[in-house]
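Here's the letter readout for the chains.
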Amino acid sequence: MPAESEIDPFSFRDEFGPAKIVHIWSPSVELRAVVVIDNVAAGPAIGGTRMAPDVSVTECFRLARAMTLKNAACGLPHGGAKSVIFGDPDMAQADKERLIRVFAKSIEQLVDYIPGPDMGTDETAMAWVHDEIGRSVGLPAEIGGIPLDEIGATGFGVMIAACAAAPFADVSLGGARIVVQGFGAVGIHAARFLASKGARMVGVSDSRGAVADEDGLDIEALAALKRQGKSVGDLEHARAVDPESLIALPCEIFIPAARPDVLRADNVDMLDCKLVVQGANIPATAEAERMMFARGIVSVPDFIANAGGVICASIEYSGGGEAAAFAAIEEKIGRNTRLSLERSRAERVSPIDAAMELSTDRLRKIMQLRRWG
């Protein structure tokens, strides 16, 4: 694969986009960022702002396309986009604020892009963006937002997808063992909501460690460790495991809620589960999706399962509240999960292929209504 600097930006093009790829450089604060506005046929594009030292143009495009598919599948009046900022999300708060504010001013003229929180950013960061350009979602409640991470919108959607998918995988949530890879904003709330349905978390990881307990891990104790800046690996009386081998823990439901491409051709055969519910964006490669389908593992794609955050963001942007957001998440994700898996079963295609058909069919209809669609 060519180096990032050698990639032809037009190599990403297809019938859906991307509409714009914008590279940003501000030497005064050494800001390096990329914005991909993939498709705006349904309306201004919503997509998170991710901060990490190892992001890339390719990752940004793939995430933007996932947002396009997600918003189309959910019937939202928004297109898909994404932005990435090269940097350490754990930098000093003052430095991070300065970087985010400069980024905000740099995208002020990209009026068809509405940023939201993502890995490495949060409600406070979106408040800084809003203060600069008056355009963002996932704001703190104090300034009229619906704080996505605080209420667990995406994790709630993952639970709804798991409930809808369980019968297709011959799984009962009562007593089901779950493994969560990535105990961040999505993973914590997904675990909590699934526990409320009777499931028990038997394995969990974060970027610094992993633990397991067949009898069930204490979710609130783990959440408390994370609030203290510690790792899940610091949990007492739990068996430490290699984070890379977490994928092999026996369970009924495996939830990847970390970085992209954690399920790949070289490790997906290690999975010992019946159902995968994708809490992260693009956590599985195309090869891994095909291999899971061949093994009979039901996998709910990311743009179906983790759409809770953008549904909530869309409700916020239109002036709605938390109750309306949760109701929309339950209705849209439950419906789309069932439709995708019913089509997968009827057509004997993988769930990702069935979900892609569902989303792209809707997207084409939207684009046909546009003058230059």
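Residues numbered from 1 in each chain as written. Predicted model: local features only at pLDDT ≥ 70, side-chain atom pairs only at ≥ 80, totals over all residues. Heavy atoms only, no water.

Observations regarding the environment of Ala-195
The residue Ala-195 is located in helix H6 (residues 185-195) in this model. Using a relative accessible area of 33% as the deciding quantity, one classes Ala-195 as partly exposed. Residues Ala-195 and Arg-177, 18 residues apart in the sequence, show an inter-C-alpha distance of 9.8 Å. (Helix = DSSP H or I, 4+ residues; strand = E, 2+ residues; numbered from the N terminus. Buried < 20%, exposed > 50% of the residue type's maximum accessible area, 1.4 Å probe, protein only.)

Some thoughts on helix H7 (residues 219-227)
Among the residues making up H7, those that are buried are Ile-219, Leu-222, Ala-223, Ala-224 and Leu-225. Buried positions along H7 lie against H6, strand S7 (200-206) and strand S8 (209-212). Its side-chain oxygen 3.1 Å from the backbone nitrogen of Glu-220, Asp-218 forms the N-cap of H7. Gly-229, located one to two residues past H7, shows a positive phi value of around 80°. (Contact = heavy atoms within 4.5 Å. Polar contact = N/O pair within 3.5 Å; in protein donor to acceptor, adjacent residues only side chain to side chain.)

Concerning the sheet that holds strand S1 (residues 20-26)
Taking strand neighbours across the sheet as the criterion, the 5 strands line up as S1-S2-S4-S3-S5 in an open arrangement whose pairing is mixed. Edge positions in the sheet fall to S1 and strand S5 (113-117), since each of these pairs with one other strand and no more. Each adjacent strand pair in this sheet contributes to an overall mean axis angle of 20°, direction not counted. As paired strands, strand S2 (residues 31-39) and strand S4 (residues 80-86) are joined by 6 bridges and run antiparallel to one another. Each bridged residue has a counterpart across the sheet, and for Ile-37 the counterpart in S4 is Ala-81. Contacts from helix H2 (residues 93-106) reach S1, S2, strand S3 (45-52) and S4 within the one sheet, and its direction differs from that of S2 by about 45°. (Pairing = 2+ DSSP bridges. Axes fitted to C-alpha atoms, helices over the stretch in contact; angles between N-to-C directions.)

As for the pattern of salt bridges
Taken as a whole, this structure holds 25 salt bridges when the rule is applied. Note that Arg-177 is salt-bridged to Glu-214, the shortest N-O span being 3.8 Å. Here Glu-214 lies in the loop between S8 and H7 and Arg-177 lies in strand S6 (residues 177-181), a separation of 37 residues in the sequence. Among the residues examined, Arg-177 registers a relative accessible area of 19% and is labelled buried. Linking Glu-220 and Arg-192 is a salt bridge whose minimum nitrogen-to-oxygen distance equals 2.9 Å. One end of the pair, Glu-220, is in helix H7; the other, Arg-192, is in helix H6, with 28 residues separating them in the sequence. Each of Arg-50, Asp-54, Glu-59, Lys-82, Asp-118 and Arg-259 takes part in a single network of salt bridges with overlapping partners. (Salt bridge = Lys/Arg side-chain N within 4 Å of Asp/Glu carboxyl O.)

Observations regarding the environment of Ala-176
In this fold, Ala-176 is placed in the loop between helix H5 (153-165) and S6. For Ala-176, a relative accessible area of 1% puts it in the buried group. Separated by 76 residues in sequence, Ala-176 and Glu-252 place their C-alpha atoms 5.9 Å apart. Contacts of Ala-176, omitting those with residues within four sequence positions, involve Val-171, Gly-198, Ala-199, Arg-200, Glu-252 and Ile-253.

Description of the state of the cysteines
Going through the model one piece at a time under the given rule, you end up with 0 disulfides. With no disulfide of its own, Cys-74 lies closest to Cys-312 among cysteine sulfurs, the gap being 12 Å. No disulfide involves Cys-251; its sulfur sits 5.0 Å from the nearest other cysteine sulfur, which is in Cys-273. (Disulfide = S-S within 2.5 Å.)

Description of the sheet that holds S8
On the basis of which strands lie adjacent, the open sheet formed by 7 strands has the order S9-S8-S7-S6-S10-S11-S12 and mixed pairing. Looking at the sheet topology across the chains shown, the edges are occupied by strand S9 (239-240) and strand S12 (298-300). In this structure, strand S10 (residues 253-256) lies alongside strand S11 (residues 275-277), joined through 2 bridges in parallel fashion. Within S11, the residue paired with Phe-254 across the bridge is Val-276. Along the sheet, H6 makes contact with S6, S7 and S10, crossing S6 at roughly 170°.

Re the pairing of S1
In terms of strand pairing, S1 meets S2 through 7 bridges, oriented antiparallel. The partner of Val-22 across the bridge, within S2, is Val-35. Hairpin connection of S1 to S2: 4 residues between the antiparallel strands, including Glu-30 at a positive phi of 55°.

Considering the nonpolar core
Among the nonpolar cores identified, the biggest contains 69 residues, and Phe-183, Met-201, Val-204, Leu-222 and Ile-253 are the most heavily contacted of them. Here this core gets 8 residues from one element, more than from any other, and that element is H5. The contacts of Val-204, once residues within four sequence positions are left out, are Val-180, Phe-183, Gly-209, Ala-210, Val-211, Leu-217, Leu-222, Val-232 and Leu-246. One finds Ile-24, Phe-103, Leu-110 and Tyr-113 within the second-largest nonpolar core, a separate group that totals 22 residues. (Core = buried A, V, L, I, M, F, W, Y, C linked by side-chain atoms within 4.5 Å.)

Looking at the layout of surface pockets
Over the atoms, a rolling probe the size of a water molecule traces out where space has been left empty. If you add up the space inside the second largest pocket, you get close to 450 Å³. Lining the second largest pocket are 22 residues, with Leu-69, Ile-282, Ala-286, Ile-352 and Met-356 positioned closest to its centre. Elements with a contribution of two residues or more to the lining of the second largest pocket: helix H1 (57-73), helix H8 (286-295), helix H9 (302-305) and helix H12 (351-368). Sort the elements by how many residues they give to the lining of the second largest pocket and H1 lands first, with 5 residues. In terms of residue class, the lining of the second largest pocket is built from 11 nonpolar, 4 polar and 7 charged. (1 Å grid on protein atoms, 1.4 Å probe; cavity = no way out; pocket = protein on both sides within 12 Å on 5 of 7 lines; lining within 4 Å. Points joined across faces, edges and corners; volume = space filled by probe spheres on them. Nonpolar A, V, L, I, M, F, W, Y, C, P; charged D, E, K, R; others polar.)

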